[in-house]
Amino acid sequence: MTALLRFEQGGTSDCVECRGITTIGRDKGNDIVVSDRLVSRNHAIVRRLGKNDYYLIDSGSANGSFLNGRRISTPSPLRHRDEISIGSAVFTFEQDDTVYSTTSETTDSESTLVAAQVRIQQICMLVADIRGFTTLSQTIPIQTLTKIMSEWFQSVSTGIQASDGNIEKFIGDCVYARWDVTGEARPFVYNALASALEIHRITDSFNTIYPDLPQKLRIGVGINIGQAAVNVGQDFAAVGDAVNTTFRLESATKELGCDIVMGHDAHCTLPDPFVESHVRTVMVKGKREPLSVCGMTFSEAERLNSIYARTQRN
């Protein structure tokens, strides 16, 4: 779906089509050059994830990037007609949603196209969330916060894609990714586990890069397998009870005191002796009965992943 940035500069109007990554700043190497001393040399990025999701990311600029009048501190999703302010420059984000419109003006043929794209699919899901982010955001300068989140966003994106995952959403300090399961589920669970370990490594590296942070950066991870409706809406999202449960599993890491919590169908792919010693039950919001889950530390997940990797090589 085509996305554009419209803006005025030097008394003339201009328009740039958003690519996978569209950079904005004062440096002449940017895709959009803003000649304004209030604008940093490399100020902000508009980045596409998946087919149609675009995010505004501030690169830790001194004067900030504003979305609809609000300074952003985390990667923020863009919607049609959103207004972006960077220094004295004002951009309008436009996204062509004609084909996928679901308003009352949608034609029968367009409705048929939308319905045909939606399918029920077994998927493996991962949700990772930064612990104590609200407290962190209140205790460090916003310039440092936006720089950390920009770097985290981009590194995590690369890590998940390296494990063949699709990033569904970034929601503040939380990432939600999925793998469409075809055939045996085990490889997809271990891909999700590898991504969890990579996100942990990325997050932990910030504790060295930014040693003056008031608290150590940590993440909790939920991993789940289940049926979901995929390709829903303009952002081709996956939705359903299994998706909601994955978010609940991530929250359960705090209650259970572990780093990763796996749902039943996911932990059934792990070695029996490990599961037998780590299986727990936990109540989660929206469920009447407790769920059977498997909790583990990152060290234990690393050992599981190493064992699985060796079996694949033999």
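Refer to the preceding data block for the structure.
Here's what I pulled together on the structure shown here.

**Topic: the overall build of the protein**
Piece 1. For the protein, the helix and strand inventory stands at 8 helices and 19 strands.
Piece 2. Since a compact globule built from 314 residues should have a radius of gyration of about 20 Å, the 21 Å found for the protein is in line with a globular shape.
Piece 3. A principal-axis box enclosing the C-alpha atoms of the protein has dimensions of 70 × 60 × 40 Å.
Piece 4. Expressed as a percentage of the 314 residues in the protein, the buried residues total 50%.
Piece 5. Contacts in the protein between residues far apart in sequence, at least 24 positions, make up 60% of those at least 6 positions apart.
Piece 6. Here the protein carries 31 positive and 37 negative side-chain charges, and the mean point of each set is 4 Å from the other.

**Some remarks on the nonpolar core**
Piece 1. In terms of nonpolar packing, the biggest core is built from 54 residues, with Trp152, Ile223 and Met296 touching the most fellow members.
Piece 2. Per-element tally for this core: the top contributor is helix α4 (residues 186-209), with 10 residues.
Piece 3. Once residues within four sequence positions are removed from consideration, Met296 is found in contact with Leu193, Cys258, Asp259, Ile260, Met262, Leu270, Phe274, Ala301 and Leu304.
Piece 4. Of all hydrophobic cores here, the second largest spans 21 residues; its members include Val34, Tyr54, Leu78 and Phe93.

**Notes on the packing of α4 against helix α8 (residues 298-313)**
Piece 1. Orientation of α4 relative to α8, taken along the N-to-C sense of each, is 135°, at an axis distance of 10 Å. Overall, the two elements α4 and α8 adopt an arrangement that is oblique. Classified by chirality, the crossing of α8 by α4 is left-handed. On the side of α4, the interface is formed by Arg186, Pro187, Tyr190, Leu193, Ala194, Ala196, Leu197 and His200, while α8 contributes Phe298, Ala301, Glu302, Leu304, Asn305 and Tyr308.
Piece 2. Taken together, the residues of the contact of α4 with α8 sort by class into 10 nonpolar, 2 polar and 2 charged.

Thresholds, definitions, all that
Residues numbered from 1 in each chain as written. Predicted model: local features only at pLDDT ≥ 70, side-chain atom pairs only at ≥ 80, totals over all residues. Heavy atoms only, no water. Helix = DSSP H or I, 4+ residues; strand = E, 2+ residues; numbered from the N terminus. Rg over C-alpha atoms; globule rule 2.2 N^0.38 Å. Buried < 20%, exposed > 50% of the residue type's maximum accessible area, 1.4 Å probe, protein only. Contact = heavy atoms within 4.5 Å. Lys, Arg positive; Asp, Glu negative; His and termini not counted. Charge placed at Lys NZ, Arg CZ, Asp CG, Glu CD. Core = buried A, V, L, I, M, F, W, Y, C linked by side-chain atoms within 4.5 Å. Axes fitted to C-alpha atoms, helices over the stretch in contact; angles between N-to-C directions. Parallel < 35°, antiparallel > 145°, perpendicular 65-115°, else oblique. Left-handed = near helix turned anticlockwise from the far one by under 90°. Nonpolar A, V, L, I, M, F, W, Y, C, P; charged D, E, K, R; others polar.

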